[in-house]
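Listed below, chain by chain, are the residues.
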Amino acid sequence: MITSLKWIRRGACASEPRRVVADSEEYKRMAERAGFELDDAKDELERAQLAAGSGTVDDGDEDGNWNDGEDGDESDSGVDSDDDDDAMDVEPADELAEYKLDDYDNEPTSAIENVNIFSNVKSVAYHADGSEDPYVTNVDDELEEEDEEALLIAPYDSVLVVATKADDIPQLEFQVLEGEPDEDDDDEDEVADTRTNLYTHHDVMLPAIAFDVEWFDYVPGAKTEFKSTAHSTDTGSFVAVAGHTSDIELWDADVIDAMFPVAVLGAPRGKDAAGNLQAKSKKVNDAYHVSSVLSLSWNASHRNFLASGSADTTVKIWDLDTLSAVRSLVPHVATPTARKGAKVCLTRWAPAAPTCLLTGGFDSSVRFFDTRSPESALRVNLTADPESAVFNHPASDSQVFVSTEDGHIVLVDLRNAASPVWTLKAHDGGSAACISLTPMGTTLASVGGKDKTVKLWNVASGKPEQRHARQLQLGQLFTCAWCPDQEGVLAVGGERGSVVLDLNMNAVITANANFGGEDGDSESDGE
């Protein structure tokens, strides 16, 4: 299942991705991260036990004996237990004492608490160059060179970030769509034959399913201990991941085999003076989210700002330099003085007004406001909860397309929001799950949930005209994104995988779609 897609513009990713350096500092960071996750798991277990009405699990007494209630009263047996003990004491069992069978099932109470999967990792010999390992005898230099060459990203390749979940394992895949070389490239003929190839370059595992991903080029943590030493400038290639947890993970797109993100936007992960992990409050606050994060938006003008919308009803504006929230807003409230609002499922920075933000909530409305004065927000009511939004850029910066849960697409002019410019019933029987506008602003793509259809609309004339419709063998569709560097190339994701449509060549490029699923739907293309 594909939940989110995001293209990375050409040239933004490093041509030679880096591998994780397995040094002592990396092991230390991994151990600390693993310790935090273990403590979180213990806290969750304790809360679950308390919620079930029992603070501890009664597995028996301290000697490891089960108390199943079948002992009965000692007086019922007619035998004195003390006499039995005395009788057992005279048995000739001294020859078995050295094996300590009486304590065989007793384990130290702190055995599990002291477990650390990285505790003895320094004793493991690691060789960055396999040829230096004395136990590796079949070193093939040519094969290693081929492997390294396969990891190279050409300047004309496009990178697609895919949030997926397969076999209950959430992952973040970085797929490469081979592009067309420059006219003066000597290998043009060779690349032209394979330029429609789409393959997974590398992937990382996520702690929970991702709801939204956002790419940004600003190196995070410049004013923290997480400051990167691999970047000489403030420019890189990173992906923010928001999902079922309250934390936002920041991953380096140029690093392969990474086990943990470079930084996390969320609750502080420090320890108090006693050495105990700081408790993570479940109460809504201004510092971090306390529920699932549903949407992300990076400010391309003020590059160190990232906005997030959450199910805890707040919108946070994060400073990537300090990795902390500098503003916390509750935009979707019934009245300006109300404390509780609706869940925020949509955030978009305005491209022509870098301080202005568009948000969508589960109150069937979108709000548009200047983050410096959010109390004067503009409200636009919709027929259902919003699903996706995109500014009509560069055609008209004051207009925004919004798709809704009941299958409509509306064009709203923020200068006159009393009524939409037009309303379109784009998809039947379900939601218009996602919309995406081409870089030229001429074609709008939309995907439907239950109708499993992707549609293309010509919006250059001011009124929507359907140009193309197609049913894909991907089940319900959840997301779509136009490639910013190749006109006519659209990525679509659904419950069975993702494909890339090259409308210029009328080709469907497949990377991880599971065609012919178990339900045996015989979907066919349709114009």
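Residues numbered from 1 in each chain as written. Predicted model: local features only at pLDDT ≥ 70, side-chain atom pairs only at ≥ 80, totals over all residues. Heavy atoms only, no water.

1. A closer look at the sheet that holds strand E3 (residues 158-166)
Reasoning step 1: Spatially, the four strands line up as an open sheet ordered E1-E3-E4-E5, and their pairing is antiparallel. Edge positions in the sheet fall to strand E1 (2-8) and strand E5 (198-205), since each of these pairs with one other strand and no more. Adjacent strand axes in the sheet meet at a mean angle of 25°, parallel and antiparallel pairs treated alike.
Reasoning step 2: The pairing of strand E4 (residues 169-177) with E5 spans seven bridges and is classified as antiparallel. Among the inter-strand pairings, phenylalanine 174 is bridged to a residue of E5, identified as histidine 202. (Pairing = 2+ DSSP bridges. Helix = DSSP H or I, 4+ residues; strand = E, 2+ residues; numbered from the N terminus. Axes fitted to C-alpha atoms, helices over the stretch in contact; angles between N-to-C directions.)

2. Focus: the nonpolar core
Reasoning step 1: Within the largest apolar cluster, 42 residues are counted, with the highest numbers of intra-cluster contacts made by Leu172 and Leu250.
Reasoning step 2: Secondary-structure elements contributing two or more residues to this core are E3, E4, strand E6 (210-218), strand E7 (235-243), strand E8 (248-252), strand E10 (263-265) and strand E11 (293-298).
Reasoning step 3: The contacts of leucine 250, once residues within four sequence positions are left out, are Phe216, Pro220, Val239, Ala240, Pro261, Val262, Ala263, Leu265, Leu320 and Leu323.
Reasoning step 4: Within the second largest apolar cluster, 19 residues are counted, among which are Cys345, Ala350, Cys356 and Ala417. (Core = buried A, V, L, I, M, F, W, Y, C linked by side-chain atoms within 4.5 Å. Buried < 20%, exposed > 50% of the residue type's maximum accessible area, 1.4 Å probe, protein only. Contact = heavy atoms within 4.5 Å.)

3. A short note on the sheet that holds E8
Reasoning step 1: Overall, antiparallel pairing links the four strands, which are arranged E6-E7-E8-E10 in an open sheet. The sheet is open, and its two borders are formed by E6 and E10, each paired with just one other strand. Mean inter-strand twist for the sheet, computed between neighbouring axes without regard to direction, equals 25°.

4. Description of the environment of serine 301
Reasoning step 1: Counting through the fold element by element, serine 301 comes out in the loop between E11 and strand E12 (305-310).
Reasoning step 2: In the structure, serine 301 is positioned 48 residues away from tryptophan 349 in sequence and 9.6 Å away in space, judged by C-alpha atoms.

5. A word on the pairing of strand E13 (residues 315-319)
Reasoning step 1: Counted residue by residue, E13 has five buried out of five residues, so it is predominantly covered.
Reasoning step 2: The alternating pattern of E13 places Val315, Ile317 and Asp319 and Lys316 and Trp318 on opposite faces, both of which are buried.
Reasoning step 3: Taken together, the five bridges between E12 and E13 define a ladder with antiparallel strand orientation. Among the inter-strand pairings, serine 308 is bridged to a residue of E13, identified as lysine 316.
Reasoning step 4: In this antiparallel pair of consecutive strands, E12 and E13, the connection spans four residues, and threonine 313 shows a positive phi of 80°.

6. Regarding the packing of aromatic side chains
Reasoning step 1: One pass over the structure, following the stated rule, counts four aromatic pairs.
Reasoning step 2: Taken together, a centroid distance of 5.9 Å and an interplanar angle of 80° make the contact between tryptophan 215 and tryptophan 298 edge-to-face. Of this pair, tryptophan 215 sits in strand E6 while tryptophan 298 sits in strand E11, and the two are 83 residues apart along the sequence. Comparing tryptophan 215 with tryptophan 298 shows no difference in burial state: the two are buried. (Phe/Tyr/Trp six-rings, centres within 6.5 Å; stacked < 30°, edge-to-face > 60°.)

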